[in-house]
Amino acid sequence: MENYMLLCSQNKKNQLIIIMKVLKHLGLVVMLITAVVLVLSYFNGWSNNNTITMSSLGAMVLGLILYVIGGKKSLENN
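Residues numbered from 1 in each chain as written. Predicted model: local features only at pLDDT ≥ 70, side-chain atom pairs only at ≥ 80, totals over all residues. Heavy atoms only, no water.

Peer 1: For this particular structure, what's the right way to read the packing of aromatic side chains?
Peer 2: For any pair of aromatic rings, the description rests on two quantities: the centre-to-centre distance and the angle between the ring planes. In this structure the tally under the stated criterion is 1 aromatic pair. Aromatic side chains Tyr-42 and Phe-43 sit 5.5 Å apart centroid to centroid with 70 degrees between the ring planes, which places their arrangement in the edge-to-face category. The same class applies to Tyr-42 as to Phe-43, namely exposed. (Phe/Tyr/Trp six-rings, centres within 6.5 Å; stacked < 30°, edge-to-face > 60°. Buried < 20%, exposed > 50% of the residue type's maximum accessible area, 1.4 Å probe, protein only.)

Encoded structure:
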């Protein structure tokens, strides 16, 4: 029974490491998509639309937070 608990504990730790790596990359993807949306909105003349600008700002901040949390956790796990 003790071996099973140790195996489960190690498996959960590995899953956490994978999730943190995904969070880091997901943060970068969110920031890149947001940058593309902002560039496209500029070229299409939507730059004066507050909804697009503010939602892009929120997505950029969210991506940055995910990237920082993922990077911090991956450094702690190494």
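Peer 1: Even after reading the chapter, I still don't get a nonpolar patch on the surface, so can you show me in this structure?
Peer 2: Together, Met-54, Leu-57, Val-61, Ile-65 and Ile-69 line one region of the surface with nonpolar side chains, adding up to about 440 Å² of accessible area. Residue position: Val-61 is located in helix α2 (residues 50-77). (Patch = residues over 30% accessible without salt bridge, like charges linked within 9 Å, V, L, I, M, F, W, Y side chains within 5 Å. Areas by Shrake-Rupley, 256 points an atom, 1.4 Å probe, with all protein chains shown as cover. Salt bridge = Lys/Arg side-chain N within 4 Å of Asp/Glu carboxyl O. Helix = DSSP H or I, 4+ residues; strand = E, 2+ residues; numbered from the N terminus.)

Peer 1: Looking at this model, I keep getting lost on the side chain of Ser-41. Mind explaining?
Peer 2: By the element assignment, Ser-41 lies in helix α1 (residues 2-43). Not counting the four nearest positions on each side in its chain, Ser-41 is found in contact with Trp-46, Ser-47 and Ile-52. (Contact = heavy atoms within 4.5 Å.)

Peer 1: Looking at this model, I keep getting lost on the environment of Val-30. Mind explaining?
Peer 2: Positionally, Val-30 belongs in helix α1. Residue Val-30 is classed as buried on the basis of its relative accessible area, which comes to 18%. Among all residues touching Val-30, those that are not within four sequence positions of it are Ala-59 and Gly-63.

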